[in-house]
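Chain and residue survey
Residues per chain, in single letters:
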Amino acid sequence: LSEFLDISQLSINRFIESNVQGMREWLEQHAPLYQDNDPISKRQYVSAILEGEPLTAQAQHRLSYSFEQDHLSAIIWTPNSDAQLSQLEFIKDIFIDHTQAKSYLNVIAGSATLWLWCQPTQLLDAYHLRQQLKKFPHIRMALGSLAKGLDGFRHSHFEALTVQRLMARLSPPHALVSIEQARLISL
């Protein structure tokens, strides 16, 4: 009986050890794929690109977005801290639909801010988008210009940031301002 119990214990230990080793190998292989798709990693990749770091194949793959195309950047945010991210996502979806974007990249930049880039296939109907934004009077949207390539990705985003800063000073607040409108206001 003692020998039988020793053999059973040895068999169980080997089984458990092989399962633990198999799980460890699976996690080492697959964990980076899931880890890099979380919002924080996504924002880190985009921030590195915006800061001028070279674009790596890994970053482009993880973001699932081509940087060689035309880009239109938008920043969607709200000054209200109690707003829901789902409302910002709703406005993002409307924007994507209006531009009939082939592809897009969105990054959660804060609890109440969403960064967005897309490759539009048609001009944005700003009037219709403003009408949609009236449903959410606390949400604001700043638009950069259409630009091509990796430098265009950065340039359009920095224009949208400039517009966002300008919108913070406007009274009464405007729901949607493009870089072209911001240039007119600056004049």
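Here's a quick rundown of the structure. In this text the structure is predicted, and so the values were computed from the model without any measurement. (Residues numbered from 1 in each chain as written. Predicted model: local features only at pLDDT ≥ 70, side-chain atom pairs only at ≥ 80, totals over all residues. Heavy atoms only, no water.)

**Points about the overall build of the protein chain**
Using the following cut-off: In this description a helix means any DSSP run of H or I spanning at least four residues, a strand means any run of E spanning at least two, and both kinds are numbered starting from the N terminus. Relative accessibility thresholds used throughout: buried, under 20% of the residue-type maximum; exposed, over 50%; partly exposed, between the two (1.4 Å probe, protein chains only). Only heavy atoms enter the contact rule, under which two residues are in contact if any of them lie within 4.5 Å. Charged residues are defined here as Lys and Arg on the positive side and Asp and Glu on the negative side; His and the ends of the chain fall outside this count. Charged groups are reduced to one reference atom each: NZ for lysine, CZ for arginine, CG for aspartic acid, CD for glutamic acid.
A tally of helices and strands in the protein chain yields 7 helices and 6 strands. Along the protein chain, helices and strands appear, N-terminal first, in the series α-α-α-β-α-β-β-α-β-β-α-β-α. Taking all 187 residues of the protein chain together, the buried fraction comes to 41%. Considering only contacts in the protein chain between residues 6 or more positions apart, those separated by 24 or more positions represent 66%. Averaging the coordinates of the 16 positive side-chain charges in the protein chain and doing the same for the 19 negative ones gives two points 12 Å apart.

**A closer look at the pairing of strand 4 (residues 140-143)**
Where we set the bar: Being paired, for any two strands, means DSSP has found at least two bridges between them.
The alternating pattern of strand 4 places Arg-140 and Ala-142 and Met-141 and Leu-143 on opposite faces, both of which are buried. As judged from the 4 bridges shared by strand 1 (residues 70-77) and strand 4, these two strands associate in the antiparallel manner. Opposite Trp-77, over in strand 4, you have Arg-140 as the bridge partner. Two strands pair when backbone bridges link them, and strand 4 and strand 6 (residues 176-178) are joined in this way by 3 bridges, in the parallel orientation. Directly across from Leu-143, in strand 6, lies its bridge partner Ser-178.

**Topic: a nonpolar patch on the surface**
To be explicit about the condition: Within this analysis, patches are made of residues with over 30% relative accessible area and no salt bridge. Like charges are joined at 9 Å or less; nonpolar side chains (Val, Leu, Ile, Met, Phe, Trp, Tyr) at 5 Å or less. Note on areas: these come from Shrake-Rupley sampling with a 1.4 Å probe, and a residue is covered only by the protein chains present in the view. Put simply, a salt bridge is a Lys or Arg side-chain nitrogen that is within 4 Å of an Asp or Glu carboxyl oxygen.
Together, Ile-12, Phe-15, Ile-16 and Val-20 make up an exposed nonpolar region whose accessible area comes to about 380 Å². With respect to the element layout, Phe-15 can be found in helix 1 (residues 2-35).

**Focus: the packing of helix 4 (residues 85-99) against helix 5 (residues 126-133)**
Two quantities define a packed helix pair, namely the angle between the axes and the distance from one axis to the other. Put simply, the rule reads: Whenever a helix is involved, its axis is fitted only over the stretch in contact; in every case the axis is a line through C-alpha atoms, and angles between N-to-C directions fall within 0 to 180 degrees. The scheme is simple: roughly parallel for angles under 35 degrees, roughly antiparallel for over 145, roughly perpendicular for 65 to 115, oblique for anything else. Here a crossing is taken to be left-handed if its near helix is turned anticlockwise relative to the far helix by less than a right angle, and right-handed if that turn runs clockwise. Just so you know the grouping, Ala, Val, Leu, Ile, Met, Phe, Trp, Tyr, Cys and Pro go in nonpolar, Asp, Glu, Lys and Arg go in charged, and all remaining residues, Gly too, go in polar.
Their axes nearest at 11 Å, the elements helix 4 and helix 5 cross at an angle of 160°. Overall, the two elements helix 4 and helix 5 adopt an arrangement that is roughly antiparallel. Remark: the crossing between helix 4 and helix 5 carries right-handed chirality. Within the contact between the two elements, helix 4 uses Ile-91, Ile-94, Phe-95 and His-98 and helix 5 uses His-128, Leu-129, Gln-132 and Leu-133. Classifying every residue of the contact of helix 4 with helix 5 by side-chain character gives 5 nonpolar, 3 polar and no charged.

**A look at the packing of aromatic side chains**
Stated formally: Stacked, edge-to-face and tilted labels apply to pairs of Phe, Tyr and Trp rings (six-membered ring for Trp) whose centres lie within 6.5 Å, assigned for plane angles under 30 degrees, over 60, and everything in between, in that order.
Applying the stated criterion across every chain, the model contains 6 aromatic pairs. Ring geometry for Trp-115 versus Trp-117: centroids 6.3 Å apart, planes at 85°, classification edge-to-face. Residue Trp-115 shares its accessibility class with Trp-117, and that shared class is buried.

**Regarding the nonpolar core**
Cut-off, in case you're wondering: Among the buried residues, those of types Ala, Val, Leu, Ile, Met, Phe, Trp, Tyr and Cys that are joined through side-chain atoms within 4.5 Å form a nonpolar core.
Val-46, Leu-105, Trp-115, Trp-117 and Phe-153 are the most contacted members of the largest nonpolar core, which has 27 residues in total. Broken down by secondary-structure element, the contributors of at least two residues to this core are helix 2 (39-50), helix 3 (57-63), strand 1, strand 2 (104-110), strand 3 (113-118), helix 6 (149-169) and helix 7 (179-186). Residues within four places of Phe-153 in sequence aside, it is in contact with Val-46, Ile-49, Leu-50, Tyr-65, Phe-67, His-71, Leu-105 and Trp-117. Residues Ile-76, Ile-96, Cys-118 and Phe-136 belong to the second largest nonpolar core, which totals 19 residues.

**Quick word on the packing of helix 2 against helix 6**
Close contact between helix 2 and helix 6 brings their axes to 10 Å; oriented N to C, the two are set at 100°. The pairing of helix 2 with helix 6 is recorded here as roughly perpendicular in orientation. Facing Val-46, Ile-49 and Leu-50 of helix 2, the residues of helix 6 in contact are Leu-150, Phe-153, Arg-154, His-157 and Phe-158. Here the contact of helix 2 with helix 6 is composed, by residue class, of 6 nonpolar, 1 polar and 1 charged.

**As for the pattern of salt bridges**
All chains considered together, the criterion is met by 4 salt bridges. A salt bridge links Glu-159 to Arg-183; the nearest nitrogen and oxygen atoms lie 2.9 Å apart. Pair noted here: Glu-159 is in helix 6 and Arg-183 is in helix 7, with a separation of 24 residues, a long-range link. The partly exposed category is assigned to Arg-183, whose relative accessible area is 45%. Three or more residues joined by partner-sharing salt bridges are found here, namely Glu-89, Lys-92 and Asp-93.

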